[in-house]
Amino acid sequence: MTRSILPILTVVAAIFVLWYGAAVWLNAAWAHDKAGRAGVELSFGELVADTWSQDKPKLPAPHQVAVELWDTTVEKKITSKRSLIYHSWVTLSATLLGFALGTVLGVGLAIGIVYNRVMDMSVMPWVIASQTIPILAIAPMIIVVLNAVGISGLLPKAIISMYLSFFPVVVGMVKGLRSPGVMQLDQMKTWNASASQTFWKLRLPSSMPYLFTSMKVAMAASLVGAIVGELPTGAVAGLGARLLAGSYYGQTIQIWSALLMAAALAAVMVALIGAIQRVTLKRMGMA
Amino acid sequence: MGWIVAGFAAWAVGWWANALLARLPKSRATGLAVPVIFGLTVIVMWECFVRGLDVSSVILPPPSAIAARFAASTGILWEDFVQTVVKGALTGYVLGCGAAVLMAIAVDRFPFLQRGLLPVGNFVAALPIIGMAPILVMWFGFDWQSKAAVVVVMVFFPMLVNTVQGLQSSDRMQRDLMRTYASSYWQTLFKLRLPAAMPFIFNGLKIATTLALIGAIVAEFFGSPVRGMGFRISTSVGQLALDLVWAEIVVAAIVGSAFYGGVALLEKAVTFWHPSQRGRA
């Protein structure tokens, strides 16, 4: 791990250099335009300074986004509608609810598929087919329809998150529940273990590594679902709403700060699952 | 009431038929018939319950209405298909996957870059990249170019990570053998390492098919000309023309499955030597 820190830092530094460079390149047109109207000639230094500090740049420089992030998280009260923490919480709660529903549904389906031959043959192909469908496309419809029935707020978004997150869990858990070898299953048989004992003492424990791996994928998918689910609600609250409002009013800095916040959320949640995975597997003696 | 009874009857018949088929020895025919019967059962039940419970077509139209709408508006659907899938998704898919493979080959020559780029790439691949859509729409305009750009960004990192991993998958012995043949870097690349990487590359290509369609459709929610699947879905939802929305979803489903199936078939032809393919023959 330590020997890859230097390369990672190099790559990250390269990304920042590219970002600043691209900001100059993309915003130069507007800077020249402004200078032309004011009738002044820009030196290179002035050009760079201007491109890095515009109000509505095509590409905001990293420090502008950082300032915006600082302003909207630390300087604002959490209850304020301008606080990014408030919007993040709206998105995160939908994400977590959808993730929980999706994990439960996924594990349930996986158990059914592993234990019931009819389900294995009839449901499994459809589970796979359901993911080749660009399901996010129906996100607006789910929101509007559920609204018409009288369900609004958290649940519709969570349902979209659930749909996106159950798939990796089903596939991972089916693999995991089937991972015990013939030898181990035979061993359970020689101990006269019942079906439920085999499940609780052999199949479920040995599926844990698979469960955690697929939960990480599911969490990332769930966040995407929640963000897209916020788009058609008319930009009320949440990170998706910040993205949409930003794109309506050309507030690029706001879009980038919402984007980075979403990235940070995803990273933190995945890291959290990773930590739980390490602790659990260690206590189970598997890591 | 009759419709609801019919719905339960359809479920019972479908399940019974599948239970019967599942007990037969496993073959290609039963493997295909069981999911088909399951799907048909679901559609028949949907139809029966929507009619029996008098669900408003604003909430959930019955499959027959969707089919009728589909048949009546093939012109619109085709126009949207060309705009979103052919221009947006396919262009972006080819550009993004191509760029990622080239980049992976370049990165592969420098272990330093590889150690740095892989973790960063893995991290970026897990991010909600779809959020880039409004920014790219702002940069590239409302037409298909911005949708292709979103698709490029979405497929790039999963593809890069998979290809870099694939290029490392040939083992020492095989590479040493190429050395004893005095083969050059490029010969080793084309004759050993790229073929060995194919299972990984196709894994990435398969993941990218779904991402490409999602990217192209969602990007249209942030602004598009007056055609395209995402545009049609979001405006028809506003007009409560849900049968048209469902018709678009049927198109998306067919395209998505066909796209994935096409890549899977290609994979079968290219990686016929791989254990996961040999077993199934």
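The structure presented is a predicted model; accordingly, all values stated were derived computationally and were not measured.

Quick notes on the overall build of chain B
At step 1: When helices and strands are tallied, chain B shows 12 helices and 0 strands.
At step 2: Its helices and strands in sequence order give chain B the pattern α-α-α-α-α-α-α-α-α-α-α-α, from N to C terminus.
At step 3: Scaling as 2.2 N^0.38, a compact globule of 281 residues should have a C-alpha radius of gyration of about 19 Å, whereas chain B reaches 24 Å, well beyond that.
At step 4: Burial analysis of chain B (281 residues in total) assigns 41% to the buried set.
At step 5: The long-range share in chain B, meaning contacts at least 24 apart out of those at least 6 apart in sequence, stands at 75%.

What to know about the overall build of chain A
At step 1: Scanning chain A from terminus to terminus reveals 11 helices and 0 strands.
At step 2: The N-to-C order of helical and strand elements in chain A reads α-α-α-α-α-α-α-α-α-α-α.
At step 3: Taking 287 residues into account, the globule formula puts the C-alpha radius of gyration at 19 Å, and chain A, at 24 Å, lies well above it.
At step 4: Structurally, chain A occupies a C-alpha span of about 90 × 55 × 35 Å along its principal axes.
At step 5: The buried share of chain A, taken over its 287 residues, is 38%.

Comments concerning the UniProt feature "transmembrane region" (unreviewed entry) in chain B
Residues and elements named next belong to chain B.
At step 1: Those residues carrying the UniProt feature "transmembrane region" (unreviewed entry) are residues 29-46, 90-108, 120-142, 148-167, 200-224 and 244-266 in this numbering.
At step 2: The distance separating the terminal C-alpha atoms of residues 90-108 is 27 Å; by composition the span is 100% helix and 0% strand.
At step 3: Between the end C-alpha atoms of residues 244-266 the distance is 33 Å, and the span holds 100% helix and 0% strand.

Details of the domain arrangement of chain A
At step 1: In terms of domains, chain A is made up of domain 1 (2-59) and domain 2 (84-283).
At step 2: For domain 1 of chain A versus domain 2 of chain A, the distance between C-alpha centres works out to 38 Å.

Some words on the interface of chain A and chain B
At step 1: Taken together, the contacts link 46 residues of chain A with 49 residues of chain B.
At step 2: Put simply, the parts of the chain that give the side of chain A that touches chain B at least two residues each are α1 (5-38), α5 (117-132), α6 (139-149), α9 (195-230), α10 (239-249) and α11 (252-283) of chain A.
At step 3: The leading source of residues in the side of chain A that touches chain B is α5 of chain A, at 10 residues.

Concerning the environment of Val-145 of chain A
At step 1: Note that Val-145 of chain A resides in helix α6.
At step 2: Put simply, Val-145 of chain A and Pro-156 of chain A are 11 residues apart on the chain and 9.2 Å apart in space, counted from C-alpha to C-alpha.

Quick look at the nonpolar core
At step 1: Judged by nonpolar contacts, the single largest core of 124 residues is most densely connected at Val-151 and Val-155 of chain B.
At step 2: Ignoring any residue separated from it by four or fewer positions in sequence, one finds Val-151 of chain B in contact with Gly-88, Ala-89, Gly-92, Tyr-93, Gly-96, Ala-212, Gly-215 and Ala-216 of chain B.

A word on helix α7 (residues 144-167) of chain B
All names here are of chain B.
At step 1: Helix length check: α7, at 24 residues, gives a terminal C-alpha distance of 33 Å against a target of 34 Å (1.5 Å per residue), a fit within 8%.
At step 2: Where α7 bends most, at Phe-156, the angle is about 30°, and the proline Pro-158 comes one to four residues later.
At step 3: When you tally the buried positions in α7, you get 22 out of 24 residues, the bulk of the element.

Things to note about the domain arrangement of chain B
At step 1: With domains assigned, chain B is organised as domain 1 (2-55) and domain 2 (70-278).
At step 2: Spacing between the C-alpha centres of domain 1 of chain B and domain 2 of chain B amounts to 34 Å.

Brief notes about the UniProt feature "transmembrane region" (unreviewed entry) in chain A
Residues and elements named next belong to chain A.
At step 1: Summarizing the sequence annotation, UniProt attributes the feature "transmembrane region" (unreviewed entry) to residues 89-114, 126-148, 154-174, 217-241 and 253-276 in the numbering used throughout.
At step 2: The distance from the first to the last C-alpha atom of residues 154-174 is 30 Å, and the span holds 100% helix and 0% strand.
At step 3: Helix and strand shares over residues 253-276 are 100% and 0% respectively, and the end C-alpha atoms of the span are 35 Å apart.

Re the packing of helix α10 (residues 229-238) of chain B against helix α11 (residues 242-270) of chain B
Residue and element names in this part refer to chain B.
At step 1: Interaxial distance between α10 and α11 falls to 9 Å at its minimum, and their mutual angle equals 155°. Our classification of the angle between α10 and α11 gives roughly antiparallel. α10 and α11 meet at a crossing whose hand is left-handed. Residue-level inspection shows Met-229, Arg-232, Ile-233, Ser-236 and Val-237 of α10 in contact with α11, the latter providing Leu-244, Val-245, Glu-248, Val-251 and Ala-252.

Notes on the confidence of the model for chain B
At step 1: When pLDDT is averaged along chain B, the result is 84; 98% of the residues meet or exceed 70.
At step 2: What the predictor reports for the complex is a pTM of 0.79 with an ipTM of 0.73.

Observations concerning the environment of Val-250 of chain B
Residues and elements named next belong to chain B.
At step 1: By the element assignment, Val-250 lies in helix α11.
At step 2: As for Val-250 and Phe-156, which are separated by 94 residues in sequence, their C-alpha atoms are 27 Å apart.
At step 3: Setting aside chain neighbours within four positions, we find Val-250 in contact with Ile-66 and Phe-70.

The rules behind these values
Residues numbered from 1 in each chain as written. Chains lettered and ligands numbered in written order. Predicted model: local features only at pLDDT ≥ 70, side-chain atom pairs only at ≥ 80, totals over all residues. Helix = DSSP H or I, 4+ residues; strand = E, 2+ residues; numbered from the N terminus. Rg over C-alpha atoms; globule rule 2.2 N^0.38 Å. Buried ≥ 20, exposed ≤ 12 C-beta atoms within 10 Å, placed from the backbone. Contact = placed C-beta atoms within 7 Å. UniProt positions renumbered as here; feature names shortened; annotations may be inferred. Domains from an automatic or database assignment. Core = buried A, V, L, I, M, F, W, Y, C linked by C-beta atoms within 7 Å. Expected span 1.5 Å × (residues − 1). Bend = angle between axes of the 7 residues up to and from the residue. Axes fitted to C-alpha atoms, helices over the stretch in contact; angles between N-to-C directions. Parallel < 35°, antiparallel > 145°, perpendicular 65-115°, else oblique. Left-handed = near helix turned anticlockwise from the far one by under 90°. pLDDT = per-residue confidence, 0-100.

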